[in-house]
Structure formats: structure tokens, C-alpha cells
Amino acid sequence: MTTNTNTTNTNTTNARDTMNTTVTVPARLDFAKSAPKVFRSLVGFDAAARDGLDPALVELIQIRASHLNHCAYCLHMHTNDARKAGESEDRLHMVPVWREARHFFTERECAALALTEAVTRVADAGVPDDVYAEAAAHFDDQELAHVLALILTINTWNRVALATAKVAGTDERR
């Protein structure tokens, strides 16, 4: 069995406390190389879903879904993307508890986060009518379709990353 060895440096406030951790995990397939046509199609779907949406909203949706799916790889990637786009640390920290911190988010963002939760957890209770209606009140049909498509793509990306054991902090985008 082939193994991948990942070395992670954990930096703390004291240089003496820096740790090197070697993690050995069984090798898993490289999805992009093993199914390039599928991978390119997913990249295209993702790009089409984002089209016309506010970039800050895109990242909030991707961050929330990644939290719910416990996808550290995607969570790391999208929180970094959000920071680079100017998102505040306060808002990033509040995404997992947005219902208790609504004052950090617009009504539109809250509606999108609620829809993200419902679609991501669709097996639990479907998508409740009130959640869908609230999202529909804040987005026109085209925007709502794009928000739904984005939620579908991030859930797919989360599953690809988790199934192929992607390691947080190793963003391979070019």
C-alpha cells in the first residue's frame, strides 16, 4: 500500500514550542488526474454557479457548508479566500453561529446561510418552506438558482475533498 506523508509545522508564539508533525495516511486517488473530464465539468459548474453573485456571499456560503460537512481542506481554502477578498475576522468567526450573531450579517446573507444549512442537511428534514421562502424573498429567480447551484457545488467539493483525504493547508489551485 502506498502512503502519503504530510509534514505540518505548527507555529506558536514561542519559537521553542514549534512542532513538526508527520502524518502518514494511505494514498488516495488524485481526483483531478483520475477523472479529468469530471473534474473540469465540476470546475465549470462551480464557475457558472458563482457568476453574478457577490464574492463575499459566495465565500460565506462555502464556509458554512464546509463547517457543516467538517471539511477542513475547503474551510481553510475559503476562509483564506475570504480574507484575501477583504472579509473581516469578526464575520469569519461568526459564520458557525450566525443565528446568534445576526447583526454581523445582512438579511440577505442570513437567508443564504439558512438555505445553505437546509440544503446541506437535506436528509434531516428536506428544505423547509419557510427557509426557501425567506431566500426567495431576498433573491430573484436567477440569483436564487445560482445560490442553490453554489450550495450544490460546495457540497460536492466537500465530499470530493473528504473522500480523497485532502489535507487542510495544501490548496492546489493554480
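How each quantity is defined
Residues numbered from 1 in each chain as written. Predicted model: local features only at pLDDT ≥ 70, side-chain atom pairs only at ≥ 80, totals over all residues. Heavy atoms only, no water. Helix = DSSP H or I, 4+ residues; strand = E, 2+ residues; numbered from the N terminus. Buried < 20%, exposed > 50% of the residue type's maximum accessible area, 1.4 Å probe, protein only. Contact = heavy atoms within 4.5 Å. Axes fitted to C-alpha atoms, helices over the stretch in contact; angles between N-to-C directions. Parallel < 35°, antiparallel > 145°, perpendicular 65-115°, else oblique. Left-handed = near helix turned anticlockwise from the far one by under 90°. pLDDT = per-residue confidence, 0-100. Salt bridge = Lys/Arg side-chain N within 4 Å of Asp/Glu carboxyl O. Polar contact = N/O pair within 3.5 Å; in protein donor to acceptor, adjacent residues only side chain to side chain. Patch = residues over 30% accessible without salt bridge, like charges linked within 9 Å, V, L, I, M, F, W, Y side chains within 5 Å. Areas by Shrake-Rupley, 256 points an atom, 1.4 Å probe, with all protein chains shown as cover.

Peer 1: Could you clarify how one ought to interpret the overall build of the protein in this entry?
Peer 2: The number of helices and strands found in the protein is nine helices and two strands. Tracing the protein from N to C terminus, the helices and strands come up as β-β-α-α-α-α-α-α-α-α-α. The buried share of the protein, reckoned over its 174 residues, is 34%. The contacts of the protein with a sequence gap of at least 6 include a subset with a gap of at least 24, amounting to 59%.

Peer 1: Help me understand the packing of helix α8 (residues 129-138) against helix α9 (residues 141-163) in this model?
Peer 2: How two helices pack is summed up by the angle between their axes together with the distance between the axes. Between α8 and α9, the least distance of the axes is 8 Å, while the angle of their chain directions is 125°. Classed by the angle they form, the pair α8 and α9 counts as oblique. Between α8 and α9 the crossing geometry is right-handed. The residues of α9 that touch α8, namely those facing Tyr 132, Ala 135, Ala 136 and His 138, are Glu 143, Leu 144 and Leu 148.

Peer 1: Got a minute to help me understand the confidence of the model for the protein in this structure?
Peer 2: Predicted coordinates in areas of low pLDDT are best not read in detail. Summarising the model, the protein shows a mean pLDDT of 88, and 84% of its residues fall at 70 or more. Across residues 1-19, confidence stays below pLDDT 50; counting only partners more than four residues off in sequence or on other chains, it has 33 contacts.

Peer 1: Hey, could you run me through the pattern of salt bridges in this one?
Peer 2: Any two side chains of opposite charge can pair, on the condition that their charged atoms come close. On inspection of all chains with the given rule, the structure shows seven salt bridges. Close ionic contact of Glu 109 with Arg 91 constitutes a salt bridge, the shortest N to O distance being 2.9 Å. With a gap of 18 residues between them, Glu 109 in helix α6 (residues 107-120) and Arg 91 in helix α5 (residues 89-94) connect regions that are remote in the sequence. The salt bridge involving Arg 108 is made with Glu 143; its shortest N-O contact spans 3.1 Å. One end of the pair, Arg 108, is in helix α6; the other, Glu 143, is in helix α9, with 35 residues separating them in the sequence. We classify Arg 108 as partly exposed; its relative accessible area is 30%. For Glu 143, a relative accessible area of 21% corresponds to the partly exposed category. Through salt bridges with shared partners, a single network forms among Arg 64, Arg 99 and Glu 117.

Peer 1: Any chance you could explain the environment of Thr 170 here in plain terms?
Peer 2: Take Thr 170: it is sitting in the segment after α9. Note on Thr 170: relative accessible area 32%, which makes it partly exposed. The spacing of Thr 170 and His 76 is 94 residues in sequence and 9.0 Å in space, taken between C-alpha atoms. A polar contact of 2.5 Å, which involves the side chain of Thr 170, links it to the backbone oxygen of Val 167.

Peer 1: So what exactly am I meant to see when it comes to the side chain of Arg 64 here?
Peer 2: Its place among the elements puts Arg 64 in helix α3 (residues 55-68). Residue class for Arg 64 comes out buried when judged on its relative accessible area of 8%. Side chain to side chain, Arg 64 and Glu 117 meet in a polar contact 2.9 Å long.

Peer 1: Sorry if this is basic, but what is going on with a nonpolar patch on the surface here?
Peer 2: Where nonpolar side chains cluster on the molecular surface, the patch consists of Val 122, Val 127 and Tyr 132 and spans about 240 Å² of accessible area. Note that Val 127 resides in the loop between α7 (122-125) and α8. For Val 127, a relative accessible area of 31% translates into the label partly exposed.

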